[in-house]
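Chain residues, written in single-letter form:
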Amino acid sequence: MSLFITFEGIEGAGKTSRLQALAEHLRNQNVPVTVTHEPGGCPLADGIRALLLAPDQPPMADRAELLLYLAARAQHVREVVRPALERGDVVLCDRFHDSTLAYQGYARGLDIVLIRQINQFAAGIAPDATFLLDLPAEEGLRRSHRRDQLKGLSSDRLEREHLDFHRKVRDGFLKLASGEKERFHIFDATRPPKDLDREIAQRFAVLASSGMAPGR
Ligand code: TMP
């Protein structure tokens, strides 16, 4: 049974850890899983990611930024996501097109309808379900700075945006979720990780057993 599930949220929401926990849970049940992420997931897209996130990048035009994310997605979908779905895998993807709508659309102010159209051209595929890890922007940034400090990393280009930018991203995700209540599943990311992992696994089981019709 192929299923395409995306994890979304602001910086520091814990998407990556929650996604890894679900992947491990599924592998323990011998479910074939492909774990991937955006921007990145294959060599060309990884190269674009490096360009997009380098903290010392000269100022990037919003439209150039949008098109780089979408170029990375076009390659990633063709090289990784589609083949995995065709094999029958559950694909768990850390960020996908809702990030483009939230960051480049709601936060940078680019046209939402246009982004949807270009995304359709670049990816031509939509997630069956999206797990949104929601928390206040202040808390997310606090967590992501602490994580970077622990790892000795400096913040990337988008993490360096102002708090107001991250608030717009969060509001953007919530608007997207309220417009597509069936696809989106919102989780309170301030809750303890163990509780979240249990809740996410339960939600996945319900989706999988409902034999949800892939919206591809
Ligand atoms: P990550 O650190 O969660 O891997 O995400 C990289 C950054 O890229 C993060 O700040 C969100 C941002 N992003 C966009 O602005 N637009 C997009 O389409 C995607 C996929 C990510």
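Everything below is about the structure shown above.
Overview of the structure. (Residues numbered from 1 in each chain as written. Predicted model: local features only at pLDDT ≥ 70, side-chain atom pairs only at ≥ 80, totals over all residues. Heavy atoms only, no water.)

Here Leu132 shows up in strand β4 (residues 129–134). Separated by 42 residues in the primary sequence, Leu132 and Leu174 place their C-alpha atoms 8.6 Å from one another. Not counting the four nearest positions on each side in its chain, Leu132 is found in contact with Glu8, Gly9, Phe173, Leu174, Ala177, Phe184, His185, Ile186 and Phe187. (Helix = DSSP H or I, 4+ residues; strand = E, 2+ residues; numbered from the N terminus. Contact = heavy atoms within 4.5 Å.)

This next bit is on the packing of helix α4 (residues 97–107) against helix α5 (residues 112–122). Two elements in contact, α4 and α5, have axes separated by 10 Å at closest approach and are oriented at 145°. The crossing of α4 and α5 is right-handed. Residues His97, Thr100, Leu101, Gln104, Gly105 and Tyr106 of α4 touch α5, and the partners they reach there are Ile112, Ile115, Arg116 and Asn119. The class makeup of the residues in the contact of α4 with α5 is four nonpolar, five polar and one charged. (Axes fitted to C-alpha atoms, helices over the stretch in contact; angles between N-to-C directions. Left-handed = near helix turned anticlockwise from the far one by under 90°. Nonpolar A, V, L, I, M, F, W, Y, C, P; charged D, E, K, R; others polar.)

Moving on: the nonpolar core. Ile5, Phe7, Leu22, Leu92 and Phe131 are the most contacted members of the largest nonpolar core, which has 51 residues in total. With residues near it in sequence (within four places) discarded, Leu22 still touches Phe7, Leu92, Phe131, Ile200, Ala201 and Phe204. By size, the runner-up hydrophobic cluster in this structure holds ten residues, among which are Val77, Val81, Ala84 and Val91. (Core = buried A, V, L, I, M, F, W, Y, C linked by side-chain atoms within 4.5 Å. Buried < 20%, exposed > 50% of the residue type's maximum accessible area, 1.4 Å probe, protein only.)

With respect to the secondary-structure elements, His166 resides in helix α7 (residues 163–179). Residues in contact with His166, not counting those within four places in the same chain, are Ile10, Glu11, Ala137, Leu141, Leu158, Glu159 and Glu161.

The next subject is the packing of aromatic side chains. In the structure shown here, the tally under the stated rule is five aromatic pairs. Centre to centre, the rings of Phe4 and Phe96 are 5.0 Å apart; their planes meet at 80°, and the pair counts as edge-to-face. Placement of the pair is Phe4 in strand β1 (residues 3–9) and Phe96 in the loop between β3 (90–94) and α4, with a sequence separation of 92 residues. In terms of burial, Phe4 and Phe96 fall into one category: buried. Summarising the aromatic geometry, the rings of Tyr103 and Phe173 are spaced 6.3 Å apart at their centres and angled 80° between planes, so their arrangement reads as edge-to-face. Placement of the pair is Tyr103 in helix α4 and Phe173 in helix α7, with a sequence separation of 70 residues. Like Tyr103, the residue Phe173 is buried in the burial classification. Aromatic ring contacts, followed pair by pair, group Phe7, Phe131 and Phe187 into a single cluster. Above the ring of Phe96, the side-chain terminus of Arg73 is found at 5.0 Å from the ring centroid. (Phe/Tyr/Trp six-rings, centres within 6.5 Å; stacked < 30°, edge-to-face > 60°. Lys NZ or Arg CZ within 6 Å of the ring centre and 35° of its normal.)

All right, on to the site of the ligand then. Taken together, the neighbourhood of the ligand is formed by 14 residues, with Glu11, Tyr69, Arg95, Thr100 and Gln104 sitting nearest. Between the ligand and the protein, one listed contact pairs an oxygen atom with a side-chain N or O atom of Tyr69 at 2.8 Å. Between the ligand and Gln104 there is a distance of 2.8 Å, counted from a nitrogen atom to a side-chain nitrogen or oxygen. When the ligand is considered free in solution it has 480 Å² of accessible area, and contact with the protein chains removes 93% of it. Elements with a contribution of two residues or more to the shell around the ligand: α2 (43–53), α3 (62–87) and α4. With four residues, α4 is the single largest residue contributor to the shell around the ligand. Its residues placed into classes, the shell around the ligand shows five nonpolar, three polar and six charged. (Near = heavy atom within 4 Å. Polar contact = N/O pair within 3.5 Å; in protein donor to acceptor, adjacent residues only side chain to side chain. Areas by Shrake-Rupley, 256 points an atom, 1.4 Å probe, with all protein chains shown as cover.)

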